[in-house]
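Next come the chains, spelled out residue by residue.
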2 protein chains.
Amino acid sequence: MEDLKNKINSTSVEILCIGSELLLGNILNSNAKWIAEELASLGLPHYQQTVVGDNINRIKYAILQASKRSRILIITGGLGPTYDDLTHEAIGATFNTPLKENKELSKSLKQKIKGNSNSAISSIRKQSSIPIGAKVITNNTGTAPGIIWTPIVNFTILTFPGVPSELKDMWHQDGMNWFKKKSFNKGIIKSKILHFTGISETSLSERIKHLMHKENPTIAPYASLGEVKLRVTAKAENNHTANKLIDPIEKEIISFTKDNYFGHGNDSLASVVINLLRKRGETLALAESCTGGGIGNAISQISGCSDVFLGGIISYNNFIKERLLGVPKNLLLEYGAVSNEVVQSMSHGAKKRFNADWVIAVSGIAGPTGGSIEKPIGLVHFSVTGPDIEVCSKELFGKHKSRNAIQKLSVLKGLDLLRLLLLKTS
Amino acid sequence: MEDLKNKINSTSVEILCIGSELLLGNILNSNAKWIAEELASLGLPHYQQTVVGDNINRIKYAILQASKRSRILIITGGLGPTYDDLTHEAIGATFNTPLKENKELSKSLKQKIKGNSNSAISSIRKQSSIPIGAKVITNNTGTAPGIIWTPIVNFTILTFPGVPSELKDMWHQDGMNWFKKKSFNKGIIKSKILHFTGISETSLSERIKHLMHKENPTIAPYASLGEVKLRVTAKAENNHTANKLIDPIEKEIISFTKDNYFGHGNDSLASVVINLLRKRGETLALAESCTGGGIGNAISQISGCSDVFLGGIISYNNFIKERLLGVPKNLLLEYGAVSNEVVQSMSHGAKKRFNADWVIAVSGIAGPTGGSIEKPIGLVHFSVTGPDIEVCSKELFGKHKSRNAIQKLSVLKGLDLLRLLLLKTS
């Protein structure tokens with residue numbers, strides 16, 4: 001195990017997550033996954049993840065062990081204001097360094113934590129006390145600050161709160177830049193994520209199997225609900241040479257996967273659809289039943305969607321389909337709310353109401369009750385109506401899928417139907 | 001750190017997950033969470049989780065370290081047929097014990113892995129080779145067997161495949177029983193999660209500070225976006241005695257936190273609101289602007305919401321506020337779309353359109369653009385209208401929060417305003 005002790009020449013990184021809720025299995029360790037992805041994109045080798053509870057001796061022990069193995073330790077959790085938040089205390093104690101109240105920190109915390117109660121005062125004191133010599137990582141969205149500290153030669157600790165949104169903000173602001181400035185990464189590992197929908201992981205891998213065993217760049221598929229991603233990873237001296245490795249492979253992959261490819265990086269089906277509509281100067285409205293606002297929610301998460309997104313009608317109840325979308329009662333009686341006829345009528349109704357260029361309409365059975373032999377749980381009908389084109393489509397997502405999965409798959413399918421029509425008519 | 005070394009009298013357990021995909025951040029470590037929950041339900045203390053990649057030296061090192069700290073090590077992953085599956089090899093090497101082909105195992109693998117190809121033969125040989133003295137944990141659904149082995153006094157290793165369904169089957173068949181037979185678990189650990197909103201972690205801890213240092217049950221707070229949770233954890237002989245410890249503390253916590261408490265376990269603000277409305281036989285409609293369907297999405301995720309949820313209008317564009325919700329143009333011109341006057345008018349419009357008992361209306365500035373000095377990013381106006389009551393309210397969520405965070409906080413705030421009004425008028 002000699003290689004583990006000889007850390008001086010390496011830039012090995014470890015992650016330590018602190019929180020008894022992780023040991024009790026109350027939550028998934030999404031922070032470790034997120035940091036792992038970030039480290040990979042920076043080209044930094046990362047060899048171990050550890051989780052311990054809110055116990056000072058175990059935290060100290062874990063830090064000490066990491067200091068013997070690795071060059072950098074990223075810690076999340078245990079930075080809050082309560083007695084069981086022990087991270088900075090444990091770090092100080094491990095390296096026999098007292099904590100000291102940081103004046104700037106306590107000043108900024110006084111503005112965030114209002115009041116003069118004992119608990120406010122003690123929260124401020126606790127959260128602004130950091131090991132002497134440590135540099136602050138500012139937390140703009142929450143109260144718990146992080147630190148960057150090098151207590152001994154060749155070992156630096158970075159701490160972040162356990163709240164994922166705060167961790168991410170602080171990483172993007174300060175953490176990532178620290179790594180970049182230190183230029184640990186001789187050369188880079190660059191990953192590009194390509195997004196696909198309407199195809200399984202197996203079929204996608206089969207279509208590009210002649211590329212799957214390449215060594216630089218490597219190609220790794222992974223599936224999530226309603227989507228498959230390919231990660232194309234190149235090792236290279238710099239960004240330019242990495243791109244020269246990735247670009248031709250990306251082109252080849254897209255030529256073999258055609259319309260199943262919908263974007264890369266941070267693209268989502270919603271952002272892609274909004275960009276296509278914006279380029280055409282066209283607008284979008286929604287008529288949602290079983291998705292209950294899920295498509296609107298996906299669209300409105302995209303900054304700048306107001307250029308094209310007018311709004312929608314959530315017609316969860318059938319009476320609302322009649323009243324607000326003008327679906328004739330006899331269609332509902334004859335075909336049922338989950339039918340081609342009704343989604344088409346919902347789509348036409350919304351187009352008129354909103355005076356929109358495009359409408360996505362959805363009606364289905366999300367379960368866990370309400371299914372029948374003719375119309376099982378997981379049956380969802382879609383209609384997309386445009387300026388002079390329209391399509392209807394139905395999906396059987398499978399009656400063993402959860403309500404939530406059926407709703408999410410319906411949101412993606414509705415957006416994808418519109419995307420394909422926009423591509424077809426461009 | 002004396003307590004860590006003195007493991008002889010304890011039944012401390014650790015989890016070691018092996019797989020480079022975890023270090024690359026390709027997947028969430030759901031196995032660690034699942035095993036953690038199982039151990040908690042058996043009342044077994046579990047103090048550390050470790051993740052290392054498919055590297056034999058790092059695996060050996062992790063096993064050796066665990067053997068110094070803990071009584072039992074549960075390992076997942078690295079049991080497959082390929083060259084990078086190294087778990088049993090590493091276990092044998094750590095304790096200087098050779099692997100030997102287990103005849104029964106290779107016989108059963110021959111029935112699962114058909115064919116006489118070199119790769120089939122080598123897969124069978126690899127997967128049936130286990131350290132001398134180890135007992136097999138049979139894998140009925142896949143090929144990779146696990147083992148139970150006590151290489152040194154007071155240290156036992158159990159191995160399971162990384163495929164979650166195989167791990168679960170094998171745990172339920174053999175793993176769990178091994179623990180039960182050994183009777184490590186004198187009693188159980190039971191956790192109950194209580195949910196709070198509209199209060200910070202600091203204020204919540206302050207209100208119940210007289211309870212925060214209890215030893216059985218213990219109380220631990222943790223915060224997420226728009227919510228604080230308390231985990232109340234009791235160690236007891238059985239479920240009945242655990243409840244007897246938890247129940248009075250739960251009651252006391254609720255009496256000190258009043259309306260900030262909204263539910264326990266799997267309750268969400270949406271499910272609580274739906275249950276309250278269902279009991280009253282009343283209906284709900286929505287008028288959403290900046291949340292773009294987010295409230296509808298939260299409501300419709302709850303199975304059975306159709307009893308009370310009629311639907312909503314997503315009036316993202318101001319013209320739609322006029323046209324579908326009947327907001328007078330002069331209100332929009334005079335006060336702007338993000339104002340008390342406009343959300344109130346949206347709320348009234350939706351109440352009429354849907355003929356609903358209750359309406360939540362929301363309009364705000366989610367950013368990252370569109371803010372001004374008078375109306376900064378993060379300003380959100382709410383209106384809740386009921387049968388004979390209504391409230392308006394505004395929040396400044398903070399201009400540094402992300403668009404997504406402002407939208408999510410708005411969804412929770414809107415639901416909570418309705419919840420509080422329903423409680424007030426019950």
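Residues numbered from 1 in each chain as written. Chains lettered and ligands numbered in written order. Predicted model: local features only at pLDDT ≥ 70, side-chain atom pairs only at ≥ 80, totals over all residues. Heavy atoms only, no water.

Draft legend 1. Expanded view of the overall build of chain A. When you go through chain A residue by residue, the secondary structure sums to 16 helices and 17 strands. Considering only C-alpha atoms, chain A reaches an extent of 80 × 60 × 40 Å along its principal axes. Counting all 426 residues of chain A, 56% fall into the buried class. Here chain A has roughly 17800 Å² of accessible surface; of this, 51% comes from carbon and sulfur atoms. (Helix = DSSP H or I, 4+ residues; strand = E, 2+ residues; numbered from the N terminus. Buried < 20%, exposed > 50% of the residue type's maximum accessible area, 1.4 Å probe, protein only. Areas by Shrake-Rupley, 256 points an atom, 1.4 Å probe, with all protein chains shown as cover.)

Draft legend 2. Main features of the interface of chain A and chain B. With 78 residues of chain A in contact, the opposing surface of chain B contributes 82 residues. Roughly 7200 Å² is buried in total at the junction of chain A and chain B, and carbon and sulfur atoms are behind 57% of that figure. Scanning the region where chain A abuts chain B turns up 29 residue pairs in polar contact (both at pLDDT 80 or more). It is strand β2 (residues 46-52) of chain A that contributes the most residues to the side of chain A that touches chain B, seven residues altogether. Here the side of chain A that touches chain B is composed, by residue class, of 28 nonpolar, 35 polar and 15 charged. (Contact = heavy atoms within 4.5 Å. Buried area = accessible area lost by both parts, 1.4 Å probe. Polar contact = N/O pair within 3.5 Å; in protein donor to acceptor, adjacent residues only side chain to side chain. Nonpolar A, V, L, I, M, F, W, Y, C, P; charged D, E, K, R; others polar.)

Draft legend 3. Up close: the sheet that holds strand β16 (residues 379-385) of chain B. Here 10 strands make up an open sheet; going across it, the order is β17(A)-β16(A)-β15(A)-β13(A)-β14(A)-β14(B)-β13(B)-β15(B)-β16(B)-β17(B) and the pairing mixed. Single-partner strands in this sheet number two, and they are β17 (390-396) of chain A together with β17 (390-396) of chain B. On average, adjacent strands in this sheet sit at an angle of 15 degrees to one another, irrespective of strand direction. For strand β13 (residues 284-288) of chain A and strand β14 (residues 309-314) of chain A, the ladder comprises five bridges, and the chain directions are parallel. The partner of Glu 288 of chain A across the bridge, within β14 of chain A, is Ile 314 of chain A. (Pairing = 2+ DSSP bridges. Axes fitted to C-alpha atoms, helices over the stretch in contact; angles between N-to-C directions.)

Draft legend 4. Focus on the pairing of strand β3 (residues 72-76) of chain A. Residue and element names in this part refer to chain A. Counting buried positions along β3 gives five out of five residues, so the element sits mostly inside the fold. Going residue by residue along β3, you find Ile 72, Ile 74 and Thr 76 tucked away on one face and Leu 73 and Ile 75 tucked away on the opposite face as well. Of the pairings in the sheet, the one linking strand β1 (residues 13-18) to β3 comprises five bridges and is parallel in character. Residue pairing across strands places Leu 16 opposite Ile 75, the latter belonging to β3. Note that β3 and strand β8 (residues 155-160) share five bridges and pair parallel. Within β8, the residue paired with Leu 73 across the bridge is Ile 157.

Draft legend 5. Looking closely at the pairing of strand β14 (residues 309-314) of chain B. The buried fraction of β14 of chain B is high, at six of six residues. In this sheet, β14 of chain B lies alongside β14 of chain A in antiparallel orientation, the contact comprising three bridges. Bridging from a neighbouring strand, Ile 314 of chain A pairs with Gly 312 of chain B of β14 of chain B. Following the backbone out of strand β13 (residues 284-288) of chain B, through helix α12 (residues 294-300) of chain B and into the adjacent parallel β14 of chain B, one traces a crossover that is right-handed. (Right-handed = clockwise from strand over helix to strand, strands pointing away.)

Draft legend 6. Expanded view of the pattern of salt bridges. Counting across every chain of the model gives 21 salt bridges over all chains. Among the ionic pairs, Glu 14 of chain A bridges to Arg 69 of chain A, the shortest N-O distance being 2.6 Å. Residue Glu 14 of chain A is found in strand β1, and its partner Arg 69 of chain A is found in helix α4 (residues 56-69); the two are separated by 55 residues along the sequence. Summarising the burial analysis for this pair, Glu 14 of chain A and Arg 69 of chain A share the class buried. For Asp 416 of chain B, the salt bridge goes to Arg 419 of chain B, with nearest N and O atoms at 2.7 Å. Of the two residues, Asp 416 of chain B and Arg 419 of chain B are both situated in helix α16 (residues 403-424); the distance of three residues between them amounts to about one turn of the helix. The residues Asp 416 of chain B and Arg 419 of chain B share a single accessibility class, namely buried. (Salt bridge = Lys/Arg side-chain N within 4 Å of Asp/Glu carboxyl O.)

Draft legend 7. A look at empty space enclosed by the protein. Applying the stated criterion across every chain yields a total of three cavities of 30 Å³ or more. Estimates place the volume of the largest cavity at around 100 Å³. Lining the largest cavity are 17 residues; nearest its centre among them are Gln 48 and Arg 69 of chain A together with Gln 48, Thr 50 and Arg 69 of chain B. For the lining of the largest cavity, the secondary structure elements donating two or more residues are β2 and α4 of chain A together with β1 (13-18), β2 (46-52) and α4 (56-69) of chain B. In terms of residues, the lining of the largest cavity owes the most to one element, α4 of chain B, which gives five residues. Class assignment for the residues of the lining of the largest cavity results in eight nonpolar, six polar and three charged. When its volume is computed, the second largest cavity comes out at roughly 90 Å³. In terms of lining residues, the second largest cavity is bounded by Asn 29, Ala 32, Lys 33, Gln 49, Thr 50 and Val 51 of chain A together with Leu 22, Ile 27, Leu 28, Asn 29, Gln 49 and Val 51 of chain B. Only α3 (30-41) and β2 of chain A together with β2 of chain B provide two or more residues apiece to the lining of the second largest cavity. With three residues, the single largest contributor to the lining of the second largest cavity is β2 of chain A. For the lining of the second largest cavity, a count of residues per class yields six nonpolar, five polar and one charged. (1 Å grid on protein atoms, 1.4 Å probe; cavity = no way out; pocket = protein on both sides within 12 Å on 5 of 7 lines; lining within 4 Å. Points joined across faces, edges and corners; volume = space filled by probe spheres on them.)

Draft legend 8. Representation of the nonpolar core in the model. Of all hydrophobic cores here, the largest spans 80 residues; its most connected members are Ile 360, Leu 415 and Leu 418 of chain A together with Ile 360, Leu 415 and Leu 418 of chain B. Non-local contacts of Ile 360 of chain B, meaning those with residues more than four positions away in its chain, are made with Leu 284, Ala 285, Leu 286, Ala 287, Ile 295, Ser 383, Val 384, Gly 414, Leu 415 and Leu 418 of chain B. Judged by nonpolar contacts, the second largest core, of 38 residues, contains Ala 350 of chain A together with Ile 313, Ile 320 and Met 346 of chain B. (Core = buried A, V, L, I, M, F, W, Y, C linked by side-chain atoms within 4.5 Å.)

Draft legend 9. Expanded view of the domain arrangement of chain A. Here the domain parsing of chain A yields domain 1 (2-181), domain 2 (188-264) and domain 3 (269-424). The straight-line distance from the C-alpha centre of domain 1 of chain A to that of domain 3 of chain A is 45 Å. (Domains from an automatic or database assignment.)

Draft legend 10. Structural detail: the environment of Ala 287 of chain A. Positionally, Ala 287 of chain A belongs in strand β13. Excluding residues within four positions of it along the chain, Ala 287 of chain A makes contact with Ile 313, Leu 325, Met 346, Ala 350, Val 359, Ile 360, Ala 361 and Val 362 of chain A.

Draft legend 11. Representation of the packing of helix α11 (residues 269-280) of chain B against α16 of chain B. Residues and elements named next belong to chain B. Following both chains from N to C, one finds α11 and α16 inclined at 35 degrees, their axes separated by 9 Å at the closest point. Like other packed secondary-structure pairs, α11 and α16 cross with a definite hand, here left-handed. On the side of α11, the interface is formed by Leu 269, Ala 270, Val 272, Val 273, Leu 276, Leu 277 and Arg 280, while α16 contributes Leu 412, Leu 415, Asp 416, Leu 418, Arg 419, Leu 422 and Leu 423. Tallied by class, residues from the contact of α11 with α16 come to 11 nonpolar, no polar and three charged. (Left-handed = near helix turned anticlockwise from the far one by under 90°.)

Draft legend 12. View of α4 of chain A. Residue and element names in this part refer to chain A. With 14 residues, α4 extends 20 Å from end C-alpha to end C-alpha; this agrees with the ideal 20 Å at 1.5 Å per step. When you tally the buried positions in α4, you get 10 out of 14 residues, the bulk of the element. Along α4, the residues classified as buried are Arg 58, Ile 59, Lys 60, Tyr 61, Ala 62, Ile 63, Gln 65, Ala 66, Ser 67 and Arg 69. Between a side-chain oxygen at the N-terminus of α4 and the backbone nitrogen of Asn 57 the separation is 3.0 Å; the capping residue is Asn 55. (Expected span 1.5 Å × (residues − 1).)

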